[in-house]
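Notes for the structure review
Chain residues, written in single-letter form:
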Amino acid sequence: MEKNILKKEEDFHDKWANSVNLDDVLVDEFFEACTSPENRQIMKWLGDVKGKKVLELGCGLGEASVYLAKKGAKVTATDLSGGMLKVAEKVAQKHQTYIDTVKCSADSIPFEENSFDIVYAANILHHVDLEAVMRESSRVLKRGGYFVSWDPLAHNPVINVYRKLASAVRTEDEHPLRMSDLEIYRKYFRKVRYDGKWFLTNLIFLKFFFVDRINPSEERYWKLILKDYKKLEKLYFRLEKWDRFLLKRFPFLKRYCWNIVVIAKK
């Protein structure tokens, strides 16, 4: 990735890290809340991670790295932002666990081949050179290891309007994934499975905007769904039930979900 883009990403996330209150970093909720269907799916696929060597790409505030460490994994958290890594370390201390941290770009991973059992990437692939990240992730994974990820998709017109409205809390170089990008996964991994999350459940975003009058450029909706998950639980589960029904019977609708969640086996 171009150096100027990397620098903009680093500066954006360093600024974000400086504004974070540790009490607002929701670790367990990130995997267990009703409004965390991506990570609930990933843990269902992975099962017990105790003793596994896990590399997280773009760890951000450290929610995933700390959660997996609490589950007994040996976690190395990486991020382009030194500020984010400092926050992740503090979050780990708060939860009385430990993670290694390494500052690097996801497309240039400073580890030897066959080093990890799992590579985890959440909400980062739409910021990076996807093929470079797939190549590097495959390289550092052990044979039979898993690459797991979730990221936004580019096909939903309502979500695309939201992205324009939320420009102040996003970086200008983001590029949501397309279904065709799954071919890049398949180029580097033997077996690839995916699912779509947030189809009718996207109506919660419309509720935030039209009913609650929450400015999407002042409040990150993807953080708010975790913060307010208890208030949203009844509505979310009703909508998720319809999502399961529709996406099972009409798989082509997955392309119009907000996020895609993927597991790829080396």
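The coordinates are above.
Below or above, wherever it landed, is the structure these notes cover. (Residues numbered from 1 in each chain as written. Predicted model: local features only at pLDDT ≥ 70, side-chain atom pairs only at ≥ 80, totals over all residues. Heavy atoms only, no water.)

So, on to unusual backbone geometry. Its identity is not glycine, yet Gln96 carries a phi of approximately 55 degrees, on the positive side. Tracing the backbone through its elements, the reader meets Gln96 in the loop between α5 (82-94) and β3 (100-103). Located in the positive-phi region is Asn114, a residue other than glycine, with phi close to 60 degrees. Tracing the backbone through its elements, the reader meets Asn114 in the loop between β3 and β4 (116-122). (Helix = DSSP H or I, 4+ residues; strand = E, 2+ residues; numbered from the N terminus.)

Taken across its eight residues, helix α4 (residues 63-70) has seven buried, putting it largely inside the fold. For α4, every residue scored as buried is listed here: Glu63, Ala64, Ser65, Val66, Tyr67, Leu68 and Ala69. (Buried < 20%, exposed > 50% of the residue type's maximum accessible area, 1.4 Å probe, protein only.)

Our focus in this paragraph is the pairing of β4. With seven of seven residues buried, β4 lies mostly within the body of the structure. Pairing between strand β1 (residues 53-57) and β4: four bridges, direction parallel. Among the inter-strand pairings, Leu55 is bridged to a residue of β4, identified as Val119. Here β4 runs beside strand β5 (residues 141-152); their pairing, made up of six bridges, is parallel. Across the sheet, residue Val119 finds its bridge partner in β5, namely Phe147. As for the winding sense of the linkage, the β-α-β connection from β4 through helix α6 (residues 130-140) to β5 is right-handed. (Pairing = 2+ DSSP bridges. Right-handed = clockwise from strand over helix to strand, strands pointing away.)

What follows covers the sheet that holds β3. The sheet built from seven strands is open, its strands ordered β3-β2-β1-β4-β5-β7-β6 with mixed pairing. The open sheet terminates on both sides in strands that have one partner only, identified here as β3 and β6 (191-197). The average undirected angle you get between the axes of adjacent strands in this sheet is 15 degrees. Sheet analysis places strand β2 (residues 74-79) next to β3, joined by four bridges and oriented parallel. Residue pairing for β3: Ala77 is matched across the bridge by Thr101. (Axes fitted to C-alpha atoms, helices over the stretch in contact; angles between N-to-C directions.)

Counting residues in each nonpolar core, the largest one holds 56 residues, and the members touching the most others are Leu68, Ile99, Tyr120, Ile204, Phe208 and Ile225. With six residues, α5 is the single largest residue contributor to this core. Among all residues touching Ile204, those that are not within four sequence positions of it are Trp198, Ile225, Leu232, Leu235, Tyr236 and Leu239. Counting 28 residues, the second largest nonpolar core, distinct from the first, contains Phe116, Leu153, Phe189 and Val192. (Core = buried A, V, L, I, M, F, W, Y, C linked by side-chain atoms within 4.5 Å. Contact = heavy atoms within 4.5 Å.)

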